[in-house]
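# Structural overview for review
Here's the letter readout for the chains.
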Amino acid sequence: MSDHHQIVIVGGGTAGITVASRLRNADPSLDIAIVEPSDKHYYQPLWTLVGGGMFEPEESGRDEASLIPYGVAWIKDYVETFSPNANRITTRNGDDITYDYLVVAPGIQVNWDQVKGLKESVGKDGVCSNYSIDTVGSTWEFIRNLKAGVALFTQPAGAVKCGGAPQKICYLAEDHFRRSGVRDKIDVIFTLAGPRLFAVDRYRETLEKVAQRKGVEPRFRHNLVEIRSGSKEAVYSQMDTGEEIVIKYDMIHVTPPMSAPDFVSRSELAGEGGWVDVDKHTLQHTRFANVFALGDASSLPTSKTGAAIRKQAPVLVSNLRSLMQQQPLAASYDGYTSCPVVTGYDSLVLAEFDYSGQPAETFPFDQAKERFSMFLLKKFGLPALYWHGMLQGRV
Ligand SMILES: Cc1cc2nc3c(=O)[nH]c(=O)nc-3n(C[C@H](O)[C@H](O)[C@H](O)COP(=O)(O)OP(=O)(O)OC[C@H]3O[C@@H](n4cnc5c(N)ncnc54)[C@H](O)[C@@H]3O)c2cc1C
């Protein structure tokens with residue numbers, strides 16, 4: 001089968017839905033199709049709070065059908081191949097879809113099989129992860145049931161969704177252990193492949209104090225390579241020396257390695273690292289002028305978050321419409337991203353910054369401080385803003 005649409009969007013997640021809504025709001029006559037295989041869309045930022053026992057996993061999801069904007073066609077399939085010279089994509093079912101303009105937004109790929117033994121053990125025997133709807137429930141189960149021993153939290157090398165998220169669940173667990181009277185019987189260790197807790201100094205300084213106050217021991221340059229679930233051992237490679245380090249755990253929360261999706265990295269759209277190669281300000285592809293990308297699958301050199309997409313989407317839509325009208329691409333993305341780093345059940349540091357690492361803060365107070373008000377924003381304000389504002393193309 002073959003099909004043609006004026007604009008085809010690959011991926012109906014945070015970025016794909018937001019762009020479709022904004023395009024429809026700007027011009028209801030546009031012929032738009034979204035290629036998206038899933039029946040459900042999840043607000044993934046809530047998974048931190050699901051892992052911390054504040055919400056049930058199902059509360060993070062909505063039916064995809066209810067989110068596809070009115071008048072936009074939904075092609076329920078996986079894209080397998082890009083043929084940008086022919087303005088064509090091919091799906092897993094073997095269908096060809098041609099387009100005038102293409103928006104690429106299939107998110108990041110979670111590579112469970114890159115840590116030996118992880119796929120087999122996650123969700124069982126104290127091994128948990130917030131990085132899938134199928135395993136996020138096990139995080140709370142293992143945090144709640146731990147009464148003594150070692151609680152390990154990991155962050156891999158390379159890009160992950162929301163760079164602060166691996167730390168957030170560690171701080172929530174520590175707070176839970178303290179509130180339930182078992183903190184002094186548990187060692188809380190946060191291992192990370194990188195050399196520091198956070199990329200931007202202003203927030204890093206606060207987070208170092210948080211970790212110190214909580215007695216969370218950071219171990220830098222530790223990259224998880226294997227889980228031996230039988231003996232409850234986490235095996236690391238020391239990033240500088242290659243030395244093998246083994247840590248015994250009673251529970252372990254794993255942030256798996258992530259990468260550009262394979263079908264993107266093997267395509268002609270890929271640039272360095274396999275990401276869709278776009279101009280960091282206009283979001284237009286560097287070689288194919290009628291192709292744009294945003295979100296986690298794009299090469300945009302900023303922290304991969306939904307908050308970043310909220311600022312990328314209006315730029316992309318404006319520039320795509322300018323291109324359609326043969327106007328210059330005037331809108332520019334400055335790299336804005338935001339990471340609400342939860343530091344406990346009543347505190348949060350709302351990091352917001354741009355490409356230069358300069359703070360780009362929303363509120364007229366010092367956001368590098370932990371605040372209860374910002375925790376409430378994360379728990380109640382941002383989910384509402386997401387479902388009712390951002391995905392509708394309103395904010
Ligand atoms: C635990 C956790 C905590 C987080 N915390 C925060 C936070 O506090 N703040 C924040 O802003 N962000 C946070 N994020 C990150 C945020 O969720 C992502 O950055 C955002 O969802 C990325 O949007 P996207 O559209 O690029 O990808 P996604 O929303 O993941 O959507 C990608 C879509 O593409 C589809 N797709 C995949 N392959 C194909 C294919 N071959 N063909 C067609 N479609 C395909 C997928 O089914 C999916 O629907 C968090 C993420 C996690 C996991």
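Conventions and cut-offs
- Residues numbered from 1 in each chain as written.
- Predicted model: local features only at pLDDT ≥ 70, side-chain atom pairs only at ≥ 80, totals over all residues.
- Heavy atoms only, no water.
- Phe/Tyr/Trp six-rings, centres within 6.5 Å; stacked < 30°, edge-to-face > 60°.
- Buried < 20%, exposed > 50% of the residue type's maximum accessible area, 1.4 Å probe, protein only.
- Lys NZ or Arg CZ within 6 Å of the ring centre and 35° of its normal.
- Helix = DSSP H or I, 4+ residues; strand = E, 2+ residues; numbered from the N terminus.
- Domains from an automatic or database assignment.
- Contact = heavy atoms within 4.5 Å.
- Buried area = accessible area lost by both parts, 1.4 Å probe.
- Bend = angle between axes of the 7 residues up to and from the residue.
- Near = heavy atom within 4 Å.
- Polar contact = N/O pair within 3.5 Å; in protein donor to acceptor, adjacent residues only side chain to side chain.
- Areas by Shrake-Rupley, 256 points an atom, 1.4 Å probe, with all protein chains shown as cover.
- Core = buried A, V, L, I, M, F, W, Y, C linked by side-chain atoms within 4.5 Å.
- Salt bridge = Lys/Arg side-chain N within 4 Å of Asp/Glu carboxyl O.
- Lys, Arg positive; Asp, Glu negative; His and termini not counted.
- Pairing = 2+ DSSP bridges.
- Axes fitted to C-alpha atoms, helices over the stretch in contact; angles between N-to-C directions.
- Parallel < 35°, antiparallel > 145°, perpendicular 65-115°, else oblique.
- Left-handed = near helix turned anticlockwise from the far one by under 90°.
- Nonpolar A, V, L, I, M, F, W, Y, C, P; charged D, E, K, R; others polar.

A few words now on the packing of aromatic side chains. Inspection of the entire model under this criterion finds 10 aromatic pairs. Taking 6.1 Å as the distance between ring centres and 80° as the angle between the ring planes, the aromatic pair formed by F198 and Y203 counts as edge-to-face. Here F198 falls in the buried class, since its relative accessible area comes to 8%. A connected cluster of aromatic rings, assembled from ring pairs, spans Y43, Y386 and W387. Directly above the ring of Y355 sits K280, whose terminal nitrogen or CZ lies 4.7 Å from the centroid.

With that out of the way, let us pick up the environment of P45. Looking at the element boundaries, P45 is found in the loop between β3 (40-42) and α2 (47-51). Sequence separation between P45 and E205 is 160 residues; the distance between their C-alpha atoms is 23 Å.

A word on the domain arrangement of the protein chain. By a frequent convention, interface size equals the accessible area lost on bringing the separate parts together. Under the domain assignment, the protein chain is made up of domain 1 (2-108 + 260-332) and domain 2 (110-258). Look at where the C-alpha atoms of domain 1 and domain 2 centre, and you get two points 31 Å apart. Between domain 1 and domain 2, the residue contacts involve 18 residues of the former and 19 residues of the latter. Here domain 1 and domain 2 share an interface that buries about 1400 Å² over both sides, 69% of which is from carbon and sulfur atoms.

Moving on, we come to helix α9 (residues 372-390). Turn by turn, an α-helix covers 3.6 residues, leaving residues three or four places apart pointing in a common direction. Of all bends in α9, the biggest is about 40°, found at K378. Among all positions in α9, only M374, F375, K378, P383, Y386, W387, G389 and M390 are buried.

Taken together, 32 residues surround the ligand, and among them A15, E36, V79, K168 and A307 come closest. Here an oxygen atom of the ligand sits 2.9 Å away from a polar atom, N or O, in the main chain of G306. Between an oxygen atom of the ligand and a main-chain N or O atom of A307, the distance comes to 2.8 Å. Contact with the protein chains removes 91% of the 1000 Å² of surface that the ligand exposes when unbound. The biggest single contributor to the shell around the ligand is helix α8 (residues 306-324), with 3 residues.

In this section: the nonpolar core. Counting residues in hydrophobic clusters, the biggest one holds 128 residues, and the most contacted among them are I7, F82, I89, L102, F177 and L294. Top contributing element to this core by residue count: α8, with 8 residues. When residues are assigned to domains, this core turns out to be shared by domain 1 (2-108 + 260-332) and domain 2 (110-258), each giving three or more. Non-local contacts of L294, meaning those with residues more than four positions away in its chain, are made with A15, V19, V103, V104, A105, L283, L300, I309, Q312, A313 and L316.

This part covers the pattern of salt bridges. Under the definition given, this model contains 20 salt bridges. Two residues, D39 and K76, come together in a salt bridge whose shortest N-O distance is 3.4 Å. Pair noted here: D39 is in the loop between β2 (32-35) and β3 and K76 is in the loop between β5 (73-75) and β6 (79-83), with a separation of 37 residues, a long-range link. For E217, the salt bridge goes to R219, with nearest N and O atoms at 2.7 Å. One continuous salt-bridge network, built from bridges that share partners, spans E174, D175, R178, R179, R183, K214 and D346.

Structurally, D77 can be placed in the loop between β5 and β6. In this structure D77 is buried but unpaired, with R92 as the nearest side chain of opposite charge at 5.8 Å. Of the polar contacts made by the side chain of D77, one reaches the side chain of N93; its length is 3.1 Å.

On the basis of which strands lie adjacent, the open sheet formed by 3 strands has the order β14-β15-β16 and antiparallel pairing. Strands with a single pairing partner mark the edges of an open sheet, and in this sheet they are β14 (222-228) and β16 (244-248). On average, adjacent strands in this sheet sit at an angle of 30° to one another, irrespective of strand direction. The pairing of β14 with strand β15 (residues 233-238) spans 6 bridges and is classified as antiparallel. Within β15, the residue paired with R228 across the bridge is E233.

A pair of packed helices is characterised by two quantities: the angle between their axes and the separation of those axes. At their nearest, the axes of helix α1 (residues 14-26) and α8 sit 9 Å apart, and the two run at 40° to each other. Comparing the axis directions of α1 and α8 gives the class oblique. Our pair here, α1 against α8, has a crossing hand that is right-handed. Contacts between α1 and α8 involve T14, A15, T18, V19, R22, L23 and A26 from the former and G306, I309, A313, P314, L316, V317, L320 and R321 from the latter. Taken together, the residues of the contact of α1 with α8 sort by class into 10 nonpolar, 3 polar and 2 charged.

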